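Descriptive analysis of the structure
The chain contents come next:
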Amino acid sequence: MATITKMPRGTGRARTRFVVVHPLHDLPEQKLDTSKLGAIPLGRSAKFALVVLRGYLLLMTALVVYRALELAGAFKHFGR
């Protein structure tokens, strides 16, 4: 993490200097406390998109199960 420090004012003008601190030598950061977070409010379009995604996943799962059962010979196809 880089921190910005000011040079001493005795030089006539203040100059900015960058000091780079290696992450292993830096102080640990305070982490986010997730227990204080609440539910995220969703808009109408986000809820609709999640419902459509759920329907799509259910349809694809049903097609995979049907194809697996068809390959296993669970269905009799007349005329074959």
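Basis of the calculations
Residues numbered from 1 in each chain as written. Predicted model: local features only at pLDDT ≥ 70, side-chain atom pairs only at ≥ 80, totals over all residues. Heavy atoms only, no water. Helix = DSSP H or I, 4+ residues; strand = E, 2+ residues; numbered from the N terminus. Buried < 20%, exposed > 50% of the residue type's maximum accessible area, 1.4 Å probe, protein only. Areas by Shrake-Rupley, 256 points an atom, 1.4 Å probe, with all protein chains shown as cover. Expected span 1.5 Å × (residues − 1). pLDDT = per-residue confidence, 0-100. Salt bridge = Lys/Arg side-chain N within 4 Å of Asp/Glu carboxyl O. Patch = residues over 30% accessible without salt bridge, like charges linked within 9 Å, V, L, I, M, F, W, Y side chains within 5 Å.

**Here we look at the overall build of the protein chain**
If you tally the helices and strands in the protein chain, you get one helix and two strands. Along the protein chain, from the amino end to the carboxyl end, the secondary structure elements read β-β-α. The buried share among the 80 residues of the protein chain stands at 0%. Of the accessible surface of the protein chain, which amounts to about 8,200 Å², a share of 64% is contributed by carbon and sulfur atoms.

**Overview of helix α1 (residues 44-71)**
With 28 residues, α1 should reach 40 Å at 1.5 Å per residue; the first-to-last C-alpha distance of 41 Å fits that figure. Note on α1: the residue one or two positions beyond its end, G73, has a positive phi of about 85°.

**Describing the confidence of the model for the protein chain**
When pLDDT is averaged along the protein chain, the result is 82; 75% of the residues meet or exceed 70. Mean pLDDT values over the elements of the protein chain span from 56, in strand β1 (residues 2-6), up to 96, in α1.

**Some words on the pattern of salt bridges**
With the rule as written, the count across this model stands at one salt bridge. Between R67 and E70 there is a salt bridge; the shortest N-O distance is 3.0 Å. Of this pair, R67 and E70 both sit in helix α1, three residues apart, which is roughly one turn of the helix.

**Remarks on a nonpolar patch on the surface**
A grouping of I40, L42, L50, L53, Y56, L57, L59, M60 and L63 is seen on the molecular surface, where their side chains present a nonpolar patch of about 880 Å² in accessible area. The residue L42 is located in the loop between β2 (16-20) and α1 in this model.

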